[in-house]
Amino acid sequence: MIQEIRVSELDATRFIADQVAAIQSAVGQGAAINALSGGVDSAVVTMLGHRALGKCLRTVMVDNGLMREGELERTIAIFAELGVPVELIDAREAFFAALAGLTDPERKREAITQTFYRDVFGSLVRSSGARVLLQGTILTDVDETVAGIKRQHNVFAQLGIDPEATFGYAIVEPLLQLRKDGVRKVGAALGLPTEVFARMPFPGPALAARVIGEATPERIETVRLATAVVERALAGCGAFQYLAILHEDRVTGMRSGRRSFGQQIEVRCWDSADARTASPTALPWDTLRRLADTILEEVPGVVSVTYNLATKPPSTIEAI
């Protein structure tokens, strides 16, 4: 059983020192790889790993074709300013090939997991000689996976899966005892910019977690554009997280006085402390109307915009 460190009990300075020592012990005289996604958890692990290993840590950012608008460029620039070089790996073709034809949420998540850990990182490990991957699994990821709520792509040991036997390398998870609020506290103590440690959570499967049905390049682009509108419109609203979901079926709409079959975007906006429970944010009606109008204007093919009113539970923050 994982011993949780609650944010009220967390001594961030001591935690950093303990995890730096643990990473150094796990890696030894060799080298390690870590994957930077741009999210809070991976950013904190990147800084812990960099502090522990210096040039013996190879930090990569995987372009899976599923990221938000401008995510790759902005993240690489931020870490360059922090003195952490980031290597960009183009794996778009591999991820979309793995997702082709899949509509079941768990099969999509498993396809992303296998592509990431077996194919992309398996290849990097073989070519680099590194035997350890650092990653930002947090306690909430484990809880949801073990409970059967949602298979998080980065959970293995708690499901009886040995990464070393399965993929050929060990996985070190420095944040396993923390939830999101604790990770943010550690990020601040590590000197990460506020825009990084305080940013909204973003799912491991990226925008594939926000497309109901098949995640084709075209459908990912639709939800990417809608996401940009939602994040721009709701920035500063104080919510824990806000996002756009693309529904599967086309719906009936009207354009220029004629019937138009188009796409439906669902907007979700959440109040929460640690993502275990959440409530929909009571956004003003005028805000919702402006948001819907902008999505309809700026995202081609969308004819319907809805707002989620369900709580977590029974809903979850992400759709897939």
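Quick caveat: nothing in here was measured; it's all calculated off a predicted structure.

## Let's talk about the environment of Gln177
Point 1. Along the chain, the position of Gln177 falls in the loop between β5 (170-172) and α8 (180-189).
Point 2. Assessed through its relative accessible area of 25%, Gln177 is described here as partly exposed.
Point 3. C-alpha of Gln177 to C-alpha of Glu4: the two residues are 173 residues apart in sequence and 4.7 Å apart in space.
Point 4. Those residues within four positions of Gln177 in sequence are excluded, and the remaining contacts are Ile2, Gln3, Glu4, Ile5, Gln19 and Leu139.

## Quick word on the packing of aromatic side chains
Point 1. What the rule picks out here adds up to two aromatic pairs.
Point 2. Ring geometry for Phe116 and Tyr117: centres 4.9 Å apart, planes at 75 degrees, overall edge-to-face.
Point 3. By relative accessible area, Tyr117 is classed as buried at 1%.
Point 4. Both rings, one in Phe116 and one in Phe121, keep their centres 4.7 Å apart while their planes meet at 50 degrees; by these two values the pair is tilted. Phe121 matches Phe116 in its accessibility class, with the two residues each being buried.
Point 5. Grouped by ring-pair contacts, the aromatic residues Phe116, Tyr117 and Phe121 constitute a single cluster.
Point 6. Positioned above the aromatic ring of Phe202, the side-chain terminus of Arg68 is 3.9 Å from the ring centre.

## Topic: the pairing of strand β1 (residues 32-35)
Note on strand geometry: in a regular strand, side chains alternate between the two faces of the sheet.
Point 1. Side chains Ala32 and Asn34 of β1 all project onto a buried face; the interleaved residues Ile33 and Ala35 project onto the opposite face, where all are buried too.
Point 2. As paired strands, β1 and strand β2 (residues 57-63) are joined by four bridges and run parallel to one another. Note that in β2 the partner of Ile33 across the bridge is Arg58.
Point 3. Relative to strand β4 (residues 132-134), β1 is paired through three bridges, and the arrangement is parallel. Of the residues in β4, the one forming a bridge with Ala32 is Val132.

## Remarks on the sheet that holds β4
Point 1. Spatial ordering of the open sheet is given by β3-β2-β1-β4-β5, a layout of five strands whose pairing is parallel. The sheet terminates laterally at β3 (87-90) and β5, the two strands that pair on one side only. Direction aside, neighbouring strands of the sheet carry axes that sit 35 degrees apart on average.

## Section: the side chain of Asp41
Point 1. Along the chain, Asp41 turns up in helix α2 (residues 40-53).
Point 2. Polar contacts involving the side chain of Asp41 include one to the side chain of Lys180, which spans 2.8 Å.
Point 3. Leave out the neighbours within four places in its chain, and Asp41 touches Gly136, Ile138, Leu175, Lys180 and Val183.

## A look at the pattern of salt bridges
Point 1. In the structure shown here, the tally under the stated rule is 17 salt bridges.
Point 2. We note a salt bridge from Lys180 to Asp41, for which the minimum N-O separation is 2.8 Å. With Lys180 in helix α8 and Asp41 in helix α2, this pair connects stretches of sequence that are 139 residues apart. Like Lys180, the residue Asp41 is buried in the burial classification.
Point 3. Across the salt bridge formed by Arg268 and Glu266, the nearest N and O atoms sit 2.6 Å from each other.
Point 4. Since its relative accessible area comes to 9%, Arg268 is described here as buried.
Point 5. Salt bridges sharing common partners tie together Glu4, Arg6, Asp143 and Arg179.

## Things to note about α8
Point 1. Buried residues of α8: Lys180, Gly182, Val183, Arg184, Val186 and Gly187, and no others.
Point 2. On its buried face, α8 is in contact with α1 (12-27), α2 and α9 (194-197).

## Looking at the layout of surface pockets
Point 1. One number sums up the size of the largest pocket: a volume of about 440 Å³.
Point 2. Along the wall of the largest pocket there are 20 residues; nearest its centre are Arg68, Glu71, Glu195, Arg199 and Glu231.
Point 3. Taken together, the elements giving at least two residues each to the lining of the largest pocket come down to α3 (71-81), α9 and α10 (217-234).
Point 4. Per element, the largest residue contribution to the lining of the largest pocket is five residues, and it comes from α3.

## Comments concerning the packing of helix α4 (residues 92-99) against helix α5 (residues 105-128)
Point 1. Viewed as axis vectors pointing N to C, α4 and α5 meet at an angle of 145 degrees, and their least axial separation amounts to 9 Å. In this structure, the crossing between α4 and α5 has a hand that is right-handed. Across from Ala94, Phe95, Ala98 and Leu99 in α4, the residues of α5 making contact are Lys108, Ala111, Ile112, Thr115, Phe116 and Val120.
Point 2. Partitioned by chemical class, the residues of the contact of α4 with α5 number eight nonpolar, one polar and one charged.

The rules behind each value
- Residues numbered from 1 in each chain as written.
- Predicted model: local features only at pLDDT ≥ 70, side-chain atom pairs only at ≥ 80, totals over all residues.
- Heavy atoms only, no water.
- Helix = DSSP H or I, 4+ residues; strand = E, 2+ residues; numbered from the N terminus.
- Buried < 20%, exposed > 50% of the residue type's maximum accessible area, 1.4 Å probe, protein only.
- Contact = heavy atoms within 4.5 Å.
- Phe/Tyr/Trp six-rings, centres within 6.5 Å; stacked < 30°, edge-to-face > 60°.
- Lys NZ or Arg CZ within 6 Å of the ring centre and 35° of its normal.
- Pairing = 2+ DSSP bridges.
- Axes fitted to C-alpha atoms, helices over the stretch in contact; angles between N-to-C directions.
- Polar contact = N/O pair within 3.5 Å; in protein donor to acceptor, adjacent residues only side chain to side chain.
- Salt bridge = Lys/Arg side-chain N within 4 Å of Asp/Glu carboxyl O.
- 1 Å grid on protein atoms, 1.4 Å probe; cavity = no way out; pocket = protein on both sides within 12 Å on 5 of 7 lines; lining within 4 Å.
- Points joined across faces, edges and corners; volume = space filled by probe spheres on them.
- Left-handed = near helix turned anticlockwise from the far one by under 90°.
- Nonpolar A, V, L, I, M, F, W, Y, C, P; charged D, E, K, R; others polar.

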